Amino acid sequence: MDNRPIGVFDSGVGGLTAVRQLIQLLPNEDIIYFGDTGRVPYGGRSKEILVRYARQDVAFLTQFDLKAIVVACGTISSTALELLTQENDIPILGVVEPAAAAAVRTTRNGRIGVVGTSATIRSGAYEAAIHRLRPDIALESRACPLFVPLVENGRVARGDRVVEQVTSEYLAPLRDAGVDSLVLGCTHYPLLETVIGDYMGSGVTLIDTGRECAAALARLLEMENALCARRDAPGERRYYVSDSAEDFASLAAIFLGDDVAGKVEHVAIEAY
Ligand code: DGL
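Here's what I pulled together on the structure shown here. It should be emphasised that the depicted structure is a prediction, and the values quoted were computed from it without experimental measurement. (Residues numbered from 1 in each chain as written. Predicted model: local features only at pLDDT ≥ 70, side-chain atom pairs only at ≥ 80, totals over all residues. Heavy atoms only, no water.)

Quick look at helix H1 (residues 16-25) now. Within H1, seven of the 10 residues are buried, which leaves it mostly tucked inside the rest of the structure. Among the residues of H1, Leu16, Thr17, Ala18, Val19, Gln21, Leu22 and Ile23 are the ones counted as buried. On its buried side, H1 packs onto strand E1 (6-10), strand E2 (31-35), strand E8 (205-208), helix H11 (209-223), strand E9 (237-241) and helix H12 (245-256). (Buried < 20%, exposed > 50% of the residue type's maximum accessible area, 1.4 Å probe, protein only. Helix = DSSP H or I, 4+ residues; strand = E, 2+ residues; numbered from the N terminus. Contact = heavy atoms within 4.5 Å.)

Structure representation (structure tokens):
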């Protein structure tokens, strides 16, 4: 048994899709979340900058005595996960491998779509992970750089004409390719699940990277006998951001359905 908190980070609110799943799967666990809202989006940045940001994010989190870190960011998972695991002594899980495995399990026709940030798609990480499991899978990948700013501004609802227009432009090639599983390779994208699901149709299964990563962590903690021993009270959750705590709190409340007021603090991440 291990009562230490789990650390989770992302560039912004996207990683809350993993937190939402962690709360559901492991309600007693304490969680410390860092959202780098002052530097979001990550997805258009170079590898050098992403590595610097990733190291700072992990340096901030490892100040707390954590039992594991979830890189709830497709962009960092695709570009810096190996380095982070080499440099740190604590289990660090990314979203790519669990989501790739879920897509391979799900597909019936062997055609999988992958959407993510420009850095993620450029890295080819999801494609490599999927082909390691099943080399015969036909893949159709697409970078969707406008999705993250839309989500960070709370523009996620069905009926929002801008979101629907952007979605149809990005996803038309994937729908035309007949994919039956679509990896939402950026943790912000499950917040657009309704609009993306409407466009792709009910025959396409959407793979939520945050959910798959949360499930992988739950399995790991169970296997290592490292689950929290407390069974009687919900875990404590604390949130840190590098921009306005108020803006984050109002978005987080909507996305998490959890009252985060009074639990969000500002952090000067450049100091790490
Ligand atoms: N949510 C992150 C990801 O999964 C980062 C998106 C961004 O900041 O561009 O890739």
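Bringing the layout of surface pockets into the picture now. Looking at the largest pocket, its volume works out to about 280 Å³. Of all the elements in the fold, those that place two or more residues in the lining of the largest pocket are helix H2 (47-61), helix H3 (74-79), helix H4 (81-87), helix H5 (96-106) and helix H7 (125-133). Roughly 170 Å³ of volume is contained in the second largest pocket. The wall of the second largest pocket is formed by Val13, Thr37, Val40, Glu152, Asp243, Ser244, Asp247, Phe248 and Leu251. The element best represented in the lining of the second largest pocket is H12, accounting for three residues. A class-by-class count of the residues in the lining of the second largest pocket yields four nonpolar, two polar and three charged. (1 Å grid on protein atoms, 1.4 Å probe; cavity = no way out; pocket = protein on both sides within 12 Å on 5 of 7 lines; lining within 4 Å. Points joined across faces, edges and corners; volume = space filled by probe spheres on them. Nonpolar A, V, L, I, M, F, W, Y, C, P; charged D, E, K, R; others polar.)

On to unusual backbone geometry. Cis geometry marks the peptide bond from valine 40 to proline 41; its omega dihedral reads 0 degrees. Counting through the fold element by element, proline 41 comes out in the loop between E2 and H2. Phi at asparagine 225 takes a positive value of approximately 55 degrees, unusual for a residue other than glycine.

Our focus in this paragraph is H11. For H11, which comprises 15 residues, the first-to-last C-alpha distance of 21 Å matches the rise-based estimate of 21 Å (1.5 Å per residue) to within 8%. Regarding H11, the residues found buried are Thr209, Gly210, Glu212, Cys213, Ala214, Ala215, Ala216, Leu217, Ala218 and Leu221. Just beyond H11, the residue with positive phi is asparagine 225, at close to 55 degrees. (Expected span 1.5 Å × (residues − 1).)

The next point concerns the site of the ligand. In the vicinity of the ligand, 14 residues are found, and the nearest of them are Ser11, Tyr42, Gly74, Thr75 and His188. The separation between an oxygen atom of the ligand and a polar main-chain atom of tyrosine 42 is 2.6 Å. Threonine 75 places a polar side-chain atom, nitrogen or oxygen, 2.6 Å from an oxygen atom of the ligand. For the ligand, the protein covers 99% of the area, taking 290 Å² as the surface of the free molecule. When atom positions are compared with the pocket grids, the ligand is found to occupy the largest cavity. (Near = heavy atom within 4 Å. Polar contact = N/O pair within 3.5 Å; in protein donor to acceptor, adjacent residues only side chain to side chain. Areas by Shrake-Rupley, 256 points an atom, 1.4 Å probe, with all protein chains shown as cover. Sits in = over half its atoms within 2 Å of the grid points.)

So, about the packing of aromatic side chains. The final tally for this structure, using the stated rule, is 11 aromatic pairs. A centroid spacing of 6.0 Å and a plane angle of 25 degrees characterise the contact between tyrosine 33 and phenylalanine 248, whose relative ring orientation is stacked. In this pair, tyrosine 33 sits in strand E2 while phenylalanine 248 sits in helix H12, placing the two residues 215 residues apart along the sequence. In this structure tyrosine 33 comes out as buried when scored by relative accessible area, which is 0%. (Phe/Tyr/Trp six-rings, centres within 6.5 Å; stacked < 30°, edge-to-face > 60°.)

This paragraph deals with the pattern of salt bridges. Applying the stated criterion across every chain yields a total of 17 salt bridges. For the salt bridge of aspartate 180 with arginine 108, the shortest nitrogen-to-oxygen distance reads 3.8 Å. In this pair, aspartate 180 is assigned in the loop between helix H9 (161-176) and strand E7 (181-184) and arginine 108 in the loop between H5 and strand E5 (111-116), connecting sequence segments 72 residues apart. Relative accessible area serves as the criterion here: at 5%, aspartate 180 is assigned to the buried category. Linked by salt bridges that have partners in common, Asp36, Arg39, Arg52, Asp57 and Glu270 make up one network. (Salt bridge = Lys/Arg side-chain N within 4 Å of Asp/Glu carboxyl O.)

Attention now moves to the environment of glycine 44. Tracing the chain through its elements places glycine 44 in the loop between E2 and H2. On the basis of relative accessible area, glycine 44 is assigned to the exposed category, the value being 66%. For glycine 44 and threonine 117, which are 73 residues apart along the polypeptide, the C-alpha to C-alpha distance reads 7.0 Å.

Strand order in this open sheet of four strands is E6-E5-E7-E8, and the pairing throughout is parallel. Each of the sheet's edge strands pairs with one partner strand only, and the pair in question is strand E6 (138-143) and E8. The sheet shows a mean angle of 20 degrees between the axes of neighbouring strands, taken without regard to direction. Bridge analysis of E7 against E8 gives four bridges, and the strand direction is parallel. Across the sheet, the residue bridging to serine 181 is threonine 205, located in E8. Helix-sheet contacts for H9 involve E5, E6 and E7, and the interaxial angle to E6 is about 170 degrees. (Pairing = 2+ DSSP bridges. Axes fitted to C-alpha atoms, helices over the stretch in contact; angles between N-to-C directions.)

What follows is about empty space enclosed by the protein. For the structure shown, the criterion picks out one cavity of 30 Å³ or more. Here the largest cavity defines a volume of roughly 60 Å³. If you go around the largest cavity, the residues you meet are Asp10, Ser11, Tyr42, Gly43, Cys73, Gly74, Thr75, Thr117, Val148, Cys186, Thr187 and His188. Per-class residue counts for the lining of the largest cavity are four nonpolar, seven polar and one charged.

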